[in-house]
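These are the residues of each chain, in order.
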Amino acid sequence: MASMKLGTKPEAFQRDGHTWQCTTELPSDVTIEIGEMSFHLHKFPLLSRSGLLAKQIGELPSGDGSVHVLQLCGLPGGAKAFELIAKFCYGVKIEITAVNIVVVRCAAEYLQMNEDIGEGNLIKHTEAFLNEIFGNWADTMEALETCEEVLQYAEELHIVRRCINSLAMKAFADSQLYNQTVSGYNDDKEIDSKIPRNGISSATNVQKLGDRWWYEDVSYLGLAFYKRFIQAVESVGMRPEKITGSLVAYAKRYIPLVKRRFKNANSAKAGNTVLTPSEADQRALLEEIVELLPCQKGVVQTKFLGRLLRAAMLLQASPSCRESLEKRLGAQLDLASLDDLQIPNLGCSVETLYDIDCFQRILDYFLSTEQISSLAYSPSTVEENQLAESSESLTAITMVSNLVDAYLADVAPDVNLKFPKFQSLGAAVPDYARPLSDGMYRAIDIYLKAHPWLTDLEREQICRLMNCQKLSLEACIHAAQNERLPLRVIVQVLFFEQLRLRTSISGWFYVSDNLENLQAPLSLSKHDGPHQVGAGCMDDMKERVMELEKDCQGMKQEFQKWVKKKRRWSFFGKWKSQKCRNL
C-alpha cells in the first residue's frame, strides 16, 4: 500500500483519556474541542496552517491571559482526522495512506489549509498523493471505501467521481497491463488470503482470473458506488458480457436466492465481512441490478434471468421489475431450457405448482416480438437477407415449440391445472412450428391420465392440439393402443399412417421402375454388371416394402382387437342398463 510521510519532528503529543496534551514546555493557550475529545494546543502553529482557525482565533478576545476554547463540530473525520492535522501543524512525523487520505483531504479543505496560508500546505500534499493513489487499483479501492465516512465533502471535492473513473479505466484496460490479481474467491474456491489487495505478490501466490479479475473487489462496494462504477465502465466501452459477469457476481454475493446453493451468507475476505442484507435491501438491490443489465439478446443467460425472476417473486419486487424480467426471458426464449422456466406459483390463491400464467406471458411476449412475417412470401419475391431472417426465425420458434411441449408435459400431472389453461398454452404455438407432434402427444397423454374426469368433448378438443400427420411411427403405434384417446383420434392416426405407408410404397415402386428403364440399355454394353446392381437395389426395395406391409398389418390387427374390446364393453354396458330397467 502506498504511503506518504510528512514532518520531521518526534512525537509531541500525549493522550490522557479524552484529552490530547502538547508535551512542549510552553503552556497551552487554546483548546480545540471535537466531540468528547479536547486538544490543548498553541495558537501560532494553527494560525500558520489553517485559514479557518486563524479566522476563529482572531475573533477571540486577546490580552486576558485565559485559555480560549474553540469547538469544531462539523470537521470531516472528527477527532481522528484532527489528530493528524494538529501533528502536521506542529511538524511532527505523520504517515498518510490510502486508508486516511480521503478523510485528511476533506478535513484540510474544511480548515482551509491551502497555499495562500502557507507554502507546502496540507491540501497540496494530499492532492499530490491522491493522484498517486489513483495509479493503483487496490489503493483506489481503499480510498473509495473510506469516502463513505465523509461522503458529502468527498462528493464536493469530486474524489468519489475520480476514484470511480480511475477504477473504470483500469477494469476496461487489459488486466495483464496492471498485473492484477484478486484476493478472495475464484469459482467458490478460496485464494490465499495472504495475497495483498494491491496485486503485488510472489509468483507462487499469484492466481490470475483473466478478464474477471476485478469482479471480486468491486462486489464489496456499496450499491450506490457500484451502480456508478457499472455506469462508468459502460460509458468507456466495456463489453456487455463483462458487465453482466460483474452484475451476476454482485447479485450472488448479496441475494442468496439467486444462487443454486448458498453455503455461507457471512463469507469473509481479508478483513472484510459481508453480511446478508435484509429483505428490503435485497429487493432494492435486485431492482437496481435488473435496470443495469444489458439489453442485448443472449448477453444475460436465461438461467440467471430465471433465478432473478424467482427471487423477485419471493422478495415481492415491484411489478415493473418482474415485468422487465419476463420480457427479457421472452426476448430470448429460444435460448432457454426447461429448468430456467420452472417458476414456482407464489400467488395469493395458489392452485398449480408452477406459475402457468407467468410462462404464458413470457411465451406471448416472444410470439409478439418474433419476426415471422417474411415466411408468408415466396422465395421469388423476397431478398436473400429476408430469407435468412425467415430461416432463423423458423429455427427459433421451432425451438420454442419444443420447449412449450416439454413444459406442458412437466406441468400436465398437476391435477389442479385447468383444461382452459392447458389448451391455451398448447395452442399458442402455430402448427408449422412443430416438425413433429410427438412432444405434444406426450403432454396430452400425461394430462389425460392425470385428469380422467374430462368429458368426451374436452378430450377431443385437447387432442386437436396435435397434428396426427406429424406423429412418428413409434408415436402412432402408441396412440393406436392408447385407451385414453377418443376413438375418432385413433382412427385418424391409423388413417394417416396407412396413407403415409401407401405413399412410401408408391414412391419405392416409382423409383424401381425408373431404375429398371435406365439399367436395361446399359446392361447390353456393360456385360450385365449394371443389371446386377439394379437387381440388388430391387431386392433391397422389396425387403423394405415387405417390412412396411408387416407393420401396417400389425397395426390393423391391434386396432381390430381394440375395437372388438370396446364393443364388448359397450354391449355389456347396454345389457346391464336394460336389465336394471327391467328390474
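In what follows, the accompanying structure is described. Everything numeric here is computed off the predicted structure, so don't read it as measured data.

## Let's talk about the packing of helix α13 (residues 279-292) against helix α15 (residues 319-331)
As a packed pair, α13 and α15 sit with axes 10 Å apart at the nearest point and diverge in direction by 40°. With respect to each other, α13 and α15 are oriented oblique. Here α13 and α15 pass one another in a crossing that is left-handed. Touching L286, E287 and V290 of α13 are C321, S324, L325 and R328, all from α15. In terms of residue class, the contact of α13 with α15 is made up of 4 nonpolar, 1 polar and 2 charged.

## Examining the side chain of Q360
With respect to the helices, strands and loops of the structure, Q360 is situated in helix α16 (residues 356-369). Setting aside residues no more than four positions away along its own chain, Q360 makes contact with S424, L425 and A428.

## Considering the packing of helix α12 (residues 240-254) against α13
The description of two packed helices rests on the angle between their axes and on the distance between the axes. Where α12 meets α13, the axes come as close as 11 Å, and the angle between the chain directions of the two elements is 170°. By the angle class used here, α12 and α13 are roughly antiparallel. Of the residues in α13, those in contact with L247, Y250, A251 and Y254 of α12 are Q282, L285, I289 and L292. Here the residues of the contact of α12 with α13 sort into 7 nonpolar, 1 polar and no charged.

## Thoughts on the pattern of salt bridges
Following the criterion strictly, the structure yields 17 salt bridges and no others. Residues E216 and R253 are paired through a salt bridge, measuring 2.8 Å at the closest nitrogen-oxygen approach. Note that E216 is positioned in helix α10 (residues 215-218) and R253 in helix α12, a separation of 37 residues in sequence. Taken as a pair, E216 and R253 share a single burial class, namely buried. Of the charged contacts in the structure, one is a salt bridge between D357 and K421, with a shortest N-O distance of 3.5 Å. Note that D357 is positioned in helix α16 and K421 in helix α18 (residues 419-427), a separation of 64 residues in sequence. Connected through shared salt-bridge partners, R105, E109, E127 and R162 make up one network.

## Section: the sheet that holds strand β2 (residues 13-16)
Strand order in this open sheet of 5 strands is β2-β3-β5-β4-β6, and the pairing throughout is mixed. Among the strands making up the open sheet, the edge pair consists of β2 and β6 (68-71). Direction aside, the axes of adjacent strands within the sheet are offset by 20° on average. Relative to strand β5 (residues 37-41), strand β3 (residues 19-22) is paired through 3 bridges, and the arrangement is parallel. Within β5, the residue paired with T19 across the bridge is S38. This element, helix α3 (residues 78-90), spans β2, β3, β4 (30-34) and β5 of the sheet and lies at about 10° to β5.

## Concerning a nonpolar patch on the surface
Where nonpolar side chains cluster on the molecular surface, the patch consists of L257, L314 and L346 and spans about 250 Å² of accessible area. Structurally, L314 is set in helix α14 (residues 302-314).

## Digging into the side chain of N482
Locating N482 in the fold gives a position in the loop between α21 (473-480) and α22 (487-525). On the accessibility criterion, N482 (4% relative accessible area) is buried. Among the polar contacts listed, one links the side chain of N482 to the side chain of Y441, at a separation of 3.1 Å. Among the polar contacts made by the side chain of N482, one reaches the side chain of D445 at a distance of 2.8 Å. The residues contacting N482, other than those within four sequence positions of it, are Y441, D445 and I490.

## So, helix α4 (residues 101-110)
By the criterion of burial, α4 is predominantly enclosed, with 8 of the 10 residues buried. Considered for burial, the residues of α4 that qualify are I101, V102, V103, V104, R105, C106, A107 and A108. Along its buried surface, α4 packs onto α3, β7 (94-97), α5 (122-133), α6 (137-146), α7 (151-156) and α8 (159-172). Q112 occupies a position one or two residues after α4 and carries a positive phi of about 60°.

## A look at unusual backbone geometry
Of note, the phi angle at Q112 is positive, near 60°, even though the residue is not glycine. Along the chain, the position of Q112 falls in the loop between α4 and α5. Despite not being glycine, Q316 has its phi angle at roughly 60°, a positive value. Assignment of secondary structure puts Q316 in the loop between α14 and α15.

Conventions adopted
- Residues numbered from 1 in each chain as written.
- Predicted model: local features only at pLDDT ≥ 70, side-chain atom pairs only at ≥ 80, totals over all residues.
- Heavy atoms only, no water.
- Axes fitted to C-alpha atoms, helices over the stretch in contact; angles between N-to-C directions.
- Helix = DSSP H or I, 4+ residues; strand = E, 2+ residues; numbered from the N terminus.
- Parallel < 35°, antiparallel > 145°, perpendicular 65-115°, else oblique.
- Left-handed = near helix turned anticlockwise from the far one by under 90°.
- Contact = heavy atoms within 4.5 Å.
- Nonpolar A, V, L, I, M, F, W, Y, C, P; charged D, E, K, R; others polar.
- Salt bridge = Lys/Arg side-chain N within 4 Å of Asp/Glu carboxyl O.
- Buried < 20%, exposed > 50% of the residue type's maximum accessible area, 1.4 Å probe, protein only.
- Pairing = 2+ DSSP bridges.
- Patch = residues over 30% accessible without salt bridge, like charges linked within 9 Å, V, L, I, M, F, W, Y side chains within 5 Å.
- Areas by Shrake-Rupley, 256 points an atom, 1.4 Å probe, with all protein chains shown as cover.
- Polar contact = N/O pair within 3.5 Å; in protein donor to acceptor, adjacent residues only side chain to side chain.

That is the geometry; function is a separate question.
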